Amino acid sequence: MYTPADEKFLNPLRAQLPARVFKEISENYLREPRGKFKGCGELLCPENTEHVSIIVSAAAAAGVAVIPYGGGTGLVGGQVSEELENPIVLSLERMNRVRAIYPFENTMVVEAGVILADAQAAAEEKDRLFPLSLASQGSARIGGNLSSNAGGLNVLRYGNARELTLGIEAVMPDGQIFNGLTRLRKDNTGYDLRNLLIGAEGSLGVITAATLKLFPRPRSRATALMVVPDPTAALSLYALAGDILGQGISAFELINETGLQFLHEKIPHIRQPFEIAPKWSVLVDVGLFQENSANQGIEALFEAGFAAGLVLDGVIAQNQAQADQIWNVRESIPEANRLIGAIASHDISLPLSAIAEFTNIAPGKLAELGEFRINCFGHLGDGNLHYNVYPPKGGNRDDYKAIAPKVSRVIHDLVAEREGSFSAEHGVGRMKVGELERYGDPAKLAMMRAIKTALDPKGIMNPNVMLRR
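Note that this is a predicted model, so its numbers are computed, not measured. Going along each chain's sequence as written, the residues are numbered from 1 onward. With pLDDT at 70 or above as the cut-off, local features in this predicted model cover only qualifying residues; side-chain atom pairs require 80 or more to be listed or tallied, and sums for whole chains, interfaces and linings still use all residues. Excluded from the side-chain calculation are hydrogens and water; included are all heavy atoms of the structure.

Trainee: Hey, could you run me through the sheet that holds strand β6 (residues 107-111) in this one?
Mentor: Through backbone hydrogen bonds, the strands of a sheet pair up, either in parallel or in antiparallel fashion. Note on pairing: two strands pair once DSSP finds at least 2 bridges between them. Helical segments are the DSSP runs of H or I of at least four residues, strand segments are the runs of E of at least two, and each set is numbered from the N terminus. In space, the five strands of this open sheet follow the order β5-β6-β10-β8-β9, with antiparallel pairing throughout. Only two strands of the sheet have a single neighbouring strand rather than two, namely β5 (98-102) and β9 (177-180). Within this sheet the neighbouring strands show an average axis-to-axis angle of 15°, counted without direction. Contact between two residues is taken to exist if any of their heavy atoms lie within 4.5 Å; hydrogens are not considered. Fitted lines through C-alpha atoms give the axes, limited to the stretch in contact for helices. The angle between two N-to-C directions lies from 0 to 180 degrees. In the packing of helix α2 (residues 49-62) onto the sheet, the strands contacted are β5, β8 (165-171), β9 and β10 (206-213), and the crossing angle to β8 comes to about 50°.

If you want it as structure tokens, here you go:
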């Protein structure tokens, strides 16, 4: 049983912390973006790591549940709980300092409350690149990015959040501060606790700061949208791109006509490159270090792809404004999806060699359940697809609530049969705990439970995220 965070618990904390740490909670902290969860709680906004330590120590002593809160952009319910009785919602929004930047080392130390876009801007001021890029980067915070091991648009070249992090500082479930803000790239002195806490979704502690990797900024950039016959051709084009451009490919995004139709329907002011939406297309982004080399490379890819029958048509951006326009189309698709309203959304990953078969088989399997519209899009280069299922035009998703679990079971079973994952980048949260129990390796689940018990014996840290209590 958890003790509610009532005044009996809060009053001793008021004597130890500034009054501004205690903030009246608003609706924004109690719901997730898709409206699937609504919670309750007492909001605390610490200003430094010592504040976090005091709060968590008190919570551990009293048995009060703690929900770490970043930017609130997570899509699996990790930041809000319906079943807990008045937990502490611990927002790190005031811990938003860039502590240090070391351009020569290509590292940056930031607090967990730094907004992702601000971290990118801080790196750019020093002529460096922090490449983590998400549609929600204007509100997502570094702590949440690391806790969910965020992926996004540049994983193909730079890796996900875990691969972009050298060290972290965190407050453990007993209130102890883990001082792991190393800037070293080699440090074989025991267990990799950094990677244990990254991706733990706040269930093993509270990340308060991180040392992030920076990179040189490419001097030549190029962006193109290429029409392809189908996902099989898109994968062949990706292989060809690797031969021509090597490590210069920053992003290789698959786009389906359904997503473009949703944009036309719900966000018509967004200018699209093609008057008639192509059935399949790929957005290719290239960054190289010699002037004009990216444009030359992407033109060579277009020509080689066209000659091989892999590219049917396309647009190569002639300037940054056109590149931004192409990217705006891709990054606006999730918002159009939200406005349409999905019956079931799926964040899946597959081995590249299994993607074409999956995209061929899945529509037929779903048709056995009813008539749907499917928007299959995502980060093709790293195998991550967002496979979202919608009612037919004119239909209402609320009429399909009873069938939604069956839709997800079809998709996740097909993914599991092909050695894929039901959660590529969004995490498990509270929404997908049952899926982890169904598809997770028993030995992995046993080890996860053992780690959780060892580090958080009272179970106060983000209860029922990933593992049921």
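What follows picks up the thread again.
Trainee: Can you walk me through the packing of aromatic side chains in this structure?
Mentor: Any two aromatic rings considered together are summarised by their centre-to-centre distance and by the angle between their planes. What counts as a ring pair is set by centres within 6.5 Å for rings of Phe, Tyr and Trp (its six-membered ring), and what kind of pair is set by the plane angle: stacked under 30 degrees, edge-to-face over 60, tilted for all other angles. Considering all chains together, one arrives at seven aromatic pairs under this definition. Centroid distance Phe-422 to Tyr-439: 6.1 Å. Interplanar angle 40°. Geometry classified as tilted. Linking Phe-422 in the loop between α12 (404-417) and α13 (433-439) with Tyr-439 in helix α13, this pair joins segments that are 17 residues apart in sequence. Each residue is assigned to one of three classes by its accessible area relative to the maximum for its type, calculated with a 1.4 Å probe on protein chains only: buried under 20%, partly exposed between the two thresholds, exposed over 50%. Take Phe-422: its relative accessible area is 9%, and that puts it in the buried class. Tyr-439 gets classed as partly exposed once you look at its relative accessible area, which sits at 24%. Placement of a charge over a ring requires the Lys NZ or Arg CZ to be within 6 Å of the ring centre, with the centre-to-atom vector within 35 degrees of the ring normal. The ring of Phe-22 is capped by Arg-14, whose NZ or CZ atom sits 4.8 Å from the centre of that ring. Between the NZ or CZ atom of Arg-183 and the centre of the ring of Tyr-102, over which it lies, the distance is 3.8 Å.

Trainee: Please clarify how the pairing of strand β12 (residues 220-227) should be interpreted in this entry.
Mentor: For a regular strand, the rule is simple: side chains alternate between the two faces of the sheet. Extensive coverage of β12 is indicated by the burial of seven of its eight residues. With eight bridges joining them, β12 and strand β14 (residues 280-288) adopt antiparallel strand pairing. Bridge assignment links Ala-224 to a residue of β14, and that residue is Val-284. Where β12 meets strand β15 (residues 313-316), four bridges bridge the pair, whose relative direction is antiparallel. Paired with Ala-224 across the bridge in β15 is Ile-316.

Trainee: Would you mind going over the pairing of strand β3 (residues 66-69) with me for this structure?
Mentor: Burial of β3 is two-sided: the residues Val-66 and Pro-68 facing one way and the residues Ile-67 and Tyr-69 facing the other way are all buried. Across four bridges, β3 lies against strand β4 (residues 88-91) in parallel orientation. Considered in β4, the bridge of Ile-67 is made with Val-89.

Trainee: Which parts of the structure should I look at to understand the sheet that holds β4?
Mentor: Spatially, the four strands line up as an open sheet ordered β1-β2-β4-β3, and their pairing is mixed. Whereas interior strands pair on both sides, the edge strands pair on one side only; in this sheet they are β1 (22-23) and β3. Bridging between strand β2 (residues 42-44) and β4 involves three bridges; their strand directions are parallel. Bridging across to β4, Leu-43 finds its partner in Val-89. Strand contacts of α2: β2, β3 and β4, with the helix running at about 165° to β4, the strand carrying the most contacts.

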